[in-house]
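Listed here are the chains, written in short residue letters.
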Amino acid sequence: MEKKIGVYLCTGCGIGDALDVAALAKVATGEHKVPVCRQHGFLCGEEGRKLIEDDLQQGVNTMVIAACSPRVMTDVFDFGADKVLERVNLREQVVWSHPAGDEDTQMMAEDYLRMGLTKAKEMEPPVPFQGENLSKRILVVGGGLTGLTAAKEAAGAGYDVVLVEKSDTLGGYVKNVHSVPPLGPPYEEPQSFDVEALVSAVTGSDKIKVYTGAQIQKIAGAPCMFDVTIQSNGSSVSERVGAVVLATGSVPYDAEKLAHLGYGSHADVVTADRLEAMLKEGRVVRPSNGQPAKSVAFVLCAGSRDPEHLPYCSAACCVESLKQAKVLKQQNPDMPVYIFYKDMRATGNYELFYKQVQKDGVVFVRGSVTAVEDDGSGALTVAAEDVLTRAPIVSESVDLVVLATGMVSTASLGKPYKAQQPKEGEEELEVPADTILVSNLLNLEYRQGPEVPALKYGFPDSHFICFPYESRRTGIYPAGTVRAPMDYARAMDDATGAALKAIQCVEMTSQGKAVHPRAGDLSYPEFFMQRCTQCKRCTEECPFGAINEDEKANPLPNPTRCRRCGVCMGACPERIISFKNYSVGMIGNVIKTIEVPEEDEEKPRIVVLACENDAYPALDMVGIRRAQYNPWVRVIPVRCLGSMNLVWIADALSKGIDGILLLGCKHGDDYQCHFVKGSELANIRMSKIKETLDRLVLESDRVRFEQVSITDYGRLPQILDDFAATLENVGPNPYKGF
Amino acid sequence: MEPKYVSLEMRDYIVSMGAETVNWCMQCGLCTNLCPWRLVPGETSEKFNIRHMQRLGQMGMEGFEDEHILFACTTCSMCQSNCPRGVKIVDNVRAMRASIVGAGMAPANLRPILGSAHANGNPWSGPREKRTAWQQGLEVPTFGPDTEYFLFVCCHSCYDPRSTKVAQSIVKLLKAAGISFGVIGNEESCCGESMRKLGDEELFQKLAQSNIELFNAKGVKKIITTSPHCLWTFTQEYPELGGRWEVIHYTQVLAQCVQDGRLKLSKDGSKKVAFHDPCYLGRHSGVFDAPRQLLENAVDGGTVELSRSRELSLCCAGGGGRIWAEVPMGERFGELRVTDAIDKGAKVLATACPYCMNMLIDACNSLGKQEQLEIAELSELLAANL
Ligand code: SF4
Ligand code: SF4
Ligand code: SF4
Ligand code: SF4
């Protein structure tokens, strides 16, 4: 594109009062010989926008707007995807956070304008990726409560659905239950659940194609272009779909492992699902003699919240046991019923249900069960350490002991996928691979492994606050108990949420746009393959498994799987991965354009590579709150800290920049990185920076990594000033002036 | 530790004695922490934990019969008015006591009291024919067909020499206000409120029946009580046994009279007076303003508010039969109350319940603070300002 650049300096919001705008304009017109450079006192107003639009009529196609933060006024300064637009943040990060009329503040503003101009010159308008034969159909894997609900909701929203169920009938676990806990006020009685109605809504819909007795043999491709091979009754069929809802549910924890609770040694110790089946049949009996059970004790957390078994809470069994106890009490109000529990996790409106069951006279014993024993007459007693009386207690004899076994995600039933061993002579990978369990649910043809990566305990979940419903595979949304332990009501909500995410995915992808968190981004990574060394870094490090490999280890990118984080760009040692508007060279040049004063001027320079998602907005907030920090910093927003390429550090240091501060999101188990692993990868790459520093004979203190979240604006000035103080101790970079 | 055995039969028995809400308790422990026993040291404080006691009740487990546990509660309702589950804790205490006392296992120190109530119709070992002795030298009208109010005088004020002044003052005030009232006399029996709280359900039924029959036979429609305890049982417990009258406390009648201008009080400017809310008048019956209005009219500057007042008032420790308990010095709630008043610079601590007066006087004496703080029943202060 032949570029005609226009620079627009806004003097409103205090910018004009704090800076020498004429001098600033000279940077554009003088140094950079920009043909159009205008000032306005209220650029985001109608008149200001018109000023720019008039120039667009005159052929300007690349705009550098030096005004407020790029995070605000995005609608006002939107001139279409075919133009190049770069925003220079003079308001929040210069004049609102530094003294007005100061020489250093002016230098900062001028540097930012230079940096913006450099970037604008290199950026190209993105051309959206368009795949072929795109599908907007949604594949739902699993025909239980969650899967049926997701299918019904997606079809209700007008999307075609393919539903695959392993067993011969639809309905899943809920088909076999007597009743479900209360779903509405007054939350005091169990209620029946019309699963048949749900099943017929699904089978009766002409938008939903159902395969029963079927399994997924293979899923190849990428969002909007997934080719699914379904094995059904001995034959295989192929379907093209756009997105996937994974709703394969969970299985109860294996009670055979609960011998300490009497399972296996006493026939009258049964699991909750066994009791549920008996309730459904209408006859609750003692398996030992077939006689009706006249008294029942429930043992909760059977295998859950137990480091020896399932370390997590299974979330639904408390309320499910309350329900079963209530049903027993409804059938016979005088029946002695005990519930032995650790904590009664009956949250929200279920508290009302809990209260009702207490009122019904069910005996609640809080504490750990120490023994389930035969009382000598064939009945059982339960002994426990009762927390509430601080004494060991023994129940009266009961006929039946019910173990509320926990939930095990179907995604966790499988051996860990073996990452390919590096071949002779290949470099060992330091980046820890995601946990991928070969659970035979989706059989993805993905280079990183055949299933969705697990977060914890084998659940393919994601950060529950920042990224609900997301998995680490674009276009695949786990829902229901396969994703996390939950009860019926939440599973139905979850199904609806996942269906919505799937719909968003097919809509965005079919327009060539990225999905969450860079929703709407039209750019995508392009590979200059001639120079690829088949090092596999990109294919292994992409947090979303977007890049497959051919037999020769050439990367095969799948742009619709990509979230546009740029982690591959940061990974590639050959620097051959770039976006139209974001590349290693571009940011390298931005760094090089920063003016580095001579050593005797005592004006150090610090490059801050700030994550666009948390750190950068937090820096804006520092300005909004008018907090001050040192004027030596030059902030460069990055898509993700994982997109940082080490060459930038070398570029900066060899140019005389005194220090580099990396601001990224929290990493680890409770990561807040928008791209899951980006921040962690940046941290790992930090260790390699040492080589660069050693080569340049520079101190390791010159590069620092800090984890900040969006709420850390209070802490940021201190972080920036502390780093400046450290650099002062280290002394100026000897490469200044080279 | 030897395991304890759960007994649902025992649990059900306790429930049938009136602990209908014991199962509602979710064992959060708020009650234990709000209980005034947490504010004092000593054996009872260490042993008595209302949450724990109810837990034993829920499971029908032994361990609650210990006197220090079972008879510790003063039924002040601090816990009950704040229980997030709406558990009727006082009823549960009463029912658990009843499960023991009803089986003939009342503790030795309570036997003479219960015995006296049986024999004499009062727990103070006073002969029935002496019930009206307090009236000497006073013209107290007798209740008749044309009398509007029946004045029911608490046994304590009939027999306790200090407390008789309360009855006398109230009579003076009612007369000054021109209220039509009268007493019945020796046939009256103890209201039974504290007997029932002690767990003697049978005794309570007997006392209540006899009163109901008597009052109804005399044509009683409206009652003024001198004690908040009688007020409470007449309004809360008698109706279901057949005693349905309009019952109010003397402070309510008098406050109304002052408002109507029927009762004129002169203001005494010499003293700072603090008011102690009796549990059974305040938290149990919701009467907080009437005594304050009266003090407003009788004392310059009105009441000095204590740091814990109204709904948060601290119990004097006289309810639930605790008036008969021997409590070591240093463990009496009343001592905290006296200190509260002195801290606020009060010279007089007034209350509107004979039990409270009794307990506070004891506490003041045990602290040796008689010189600094005078304990008075509200009626006495008012009668002095007629
Ligand atoms: S839901 Fe309740 S029973 Fe189930 S694991 Fe959690 S705490 Fe235990
Ligand atoms: S990181 Fe770069 S060089 Fe390595 S395989 Fe990927 S594209 Fe090729
Ligand atoms: S406050 Fe109420 S619910 Fe809580 S422990 Fe006490 S009685 Fe039980
Ligand atoms: S009624 Fe009063 S004394 Fe009795 S347990 Fe409750 S707070 Fe404690």
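Because the structure is predicted, anything quoted here is derived from the model rather than measured. (Residues numbered from 1 in each chain as written. Chains lettered and ligands numbered in written order. Predicted model: local features only at pLDDT ≥ 70, side-chain atom pairs only at ≥ 80, totals over all residues. Heavy atoms only, no water.)

**Focus: the overall build of chain A**
And then number 1: Secondary structure summary: chain A contains 18 helices and 31 strands in total.
And then number 2: Dimensions along the principal axes, computed over C-alpha positions, put chain A at roughly 100 × 60 × 60 Å.
And then number 3: A total of 738 residues make up chain A; the buried ones form 60% of that total.
And then number 4: Pairs at least 24 residues apart make up 70% of the contacts formed inside chain A by residues separated by at least 6 positions.
And then number 5: Here chain A displays about 29000 Å² of accessible surface, and carbon together with sulfur accounts for 49% of that area. (Helix = DSSP H or I, 4+ residues; strand = E, 2+ residues; numbered from the N terminus. Buried < 20%, exposed > 50% of the residue type's maximum accessible area, 1.4 Å probe, protein only. Contact = heavy atoms within 4.5 Å. Areas by Shrake-Rupley, 256 points an atom, 1.4 Å probe, with all protein chains shown as cover.)

**Focus on the side chain of R634 of chain A**
And then number 1: As for its placement among the helices and strands, R634 of chain A is situated in strand 29 (residues 633-638).
And then number 2: The residues touching R634 of chain A, leaving out its near neighbours within four places in the chain, are M107, M108, D111, Y112, M115, I594, R605, I606, V607 and V608 of chain A.

**Overview of the sheet that holds strand 8 (residues 214-220) of chain A**
All names here are of chain A.
And then number 1: Pairing is antiparallel across the open sheet formed by three strands, whose spatial order is 8-9-10. Of all the strands in the sheet, the pair left with one neighbour each is strand 8 and strand 10 (235-241). The average undirected angle you get between the axes of adjacent strands in this sheet is 25 degrees.
And then number 2: Looking at chain direction, strand 9 (residues 226-232) and strand 10 are connected through seven bridges and run antiparallel. Bridging across to strand 10, F226 finds its partner in V241. (Pairing = 2+ DSSP bridges. Axes fitted to C-alpha atoms, helices over the stretch in contact; angles between N-to-C directions.)

**A few points about the interface of chain B and chain A**
And then number 1: Taken residue by residue, the interface counts 23 residues in chain B and 22 residues in chain A.
And then number 2: Summing the contributions of chain B and of chain A, the shared interface buries around 1900 Å²; its carbon and sulfur component is 56%.
And then number 3: Considering only the side of chain B, the residues that lose the most area to chain A are L8, R55 and R85 of chain B, jointly responsible for 29% of the buried surface there.
And then number 4: Remark: the boundary between chain B and chain A carries two salt bridges.
And then number 5: With a closest N to O distance of 3.5 Å, D386 of chain A and R55 of chain B form a salt bridge.
And then number 6: Run the count over chain B and chain A and you get eleven residue pairs in polar contact (both at pLDDT 80 or more). (Buried area = accessible area lost by both parts, 1.4 Å probe. Salt bridge = Lys/Arg side-chain N within 4 Å of Asp/Glu carboxyl O. Polar contact = N/O pair within 3.5 Å; in protein donor to acceptor, adjacent residues only side chain to side chain.)

**Quick notes on the site of ligand 4**
And then number 1: Around ligand 4, the surrounding shell consists of C35, P36, F48, I50, C73, T74, T75, C76, S77, M78 and C79 of chain B.
And then number 2: Grouping the constituent residues of the shell around ligand 4 by class yields eight nonpolar, three polar and no charged. (Near = heavy atom within 4 Å. Nonpolar A, V, L, I, M, F, W, Y, C, P; charged D, E, K, R; others polar.)

**Looking at the site of ligand 2**
And then number 1: Residues in close proximity to ligand 2 include F527, C532, T533, C535, K536, R537, C538, P555, C572, E574, I576 and I577 of chain A, which together make up its full environment.
And then number 2: Split into classes, the residues belonging to the shell around ligand 2 amount to eight nonpolar, one polar and three charged.

**Points about the pairing of strand 15 (residues 337-341) of chain A**
Residue and element names in this part refer to chain A.
And then number 1: Counting buried positions along strand 15 yields five of five residues, so the element is predominantly enclosed.
And then number 2: The side-chain alternation of strand 15 yields two buried faces, one formed by V337, I339 and Y341 and the other by Y338 and F340.
And then number 3: When strand 14 (residues 296-302) meets strand 15, the two strands line up parallel, connected through four bridges. Bridging across to strand 15, F298 finds its partner in I339.
And then number 4: Pairing of strand 15 with strand 16 (residues 363-374) involves four bridges; the strand directions are parallel. The residue bridging I339 from the neighbouring strand is F364, located in strand 16.

**Section: the domain arrangement of chain A**
And then number 1: Assigned domains of chain A: these are domain 1 (1-127), domain 2 (138-250 + 411-510), domain 3 (254-405), domain 4 (526-577) and domain 5 (582-738).
And then number 2: Computed over C-alpha atoms, the centres of domain 1 of chain A and domain 3 of chain A are 69 Å apart. (Domains from an automatic or database assignment.)

**Let's talk about the domain arrangement of chain B**
All names here are of chain B.
And then number 1: If you check the domain split of chain B, you get domain 1 (8-101), domain 2 (108-255) and domain 3 (264-384).
And then number 2: On a C-alpha basis, the centroid separation for the pair domain 1 and domain 2 is 29 Å.
And then number 3: Listed as interface residues are eight residues of domain 1 and, on the opposing side, nine residues of domain 2.
And then number 4: Both sides together, the interface formed by domain 1 and domain 2 hides about 730 Å², and carbon and sulfur atoms give 60% of it.
And then number 5: A salt bridge links E201 to R94, with the shortest nitrogen-to-oxygen separation between them at 3.5 Å.
And then number 6: Our count for the contact surface shared by domain 1 and domain 2 stands at one residue pair in polar contact (both at pLDDT 80 or more).
And then number 7: The element that contributes the greatest number of residues to the side of domain 1 that touches domain 2 is helix 6 (residues 89-101), accounting for five residues.
And then number 8: Classifying every residue of the side of domain 1 that touches domain 2 by side-chain character gives four nonpolar, one polar and three charged.

**Some points on the confidence of the model for chain B**
And then number 1: For chain B, per-residue confidence averages 96 on the pLDDT scale, and residues scoring 70 or more make up 100% of the total.
And then number 2: Our summary of model confidence lists the complex with pTM equal to 0.85 and ipTM equal to 0.81. (pLDDT = per-residue confidence, 0-100.)

**Section: the pattern of salt bridges**
All names here are of chain A.
And then number 1: All chains considered together, the criterion is met by 63 salt bridges over all chains.
And then number 2: Of the charged contacts in the structure, one is a salt bridge between K677 and D434, with a shortest N-O distance of 3.7 Å. Placement of K677 in the loop between strand 30 (659-664) and helix 17 (678-695) and of D434 in the loop between strand 21 (415-416) and strand 22 (437-438) is noted, with a sequence separation of 243 residues between them.
And then number 3: With a relative accessible area of 6%, K677 lands in the buried category.
And then number 4: Taking relative accessible area as the criterion, D434 reaches 17% and is therefore assigned buried.

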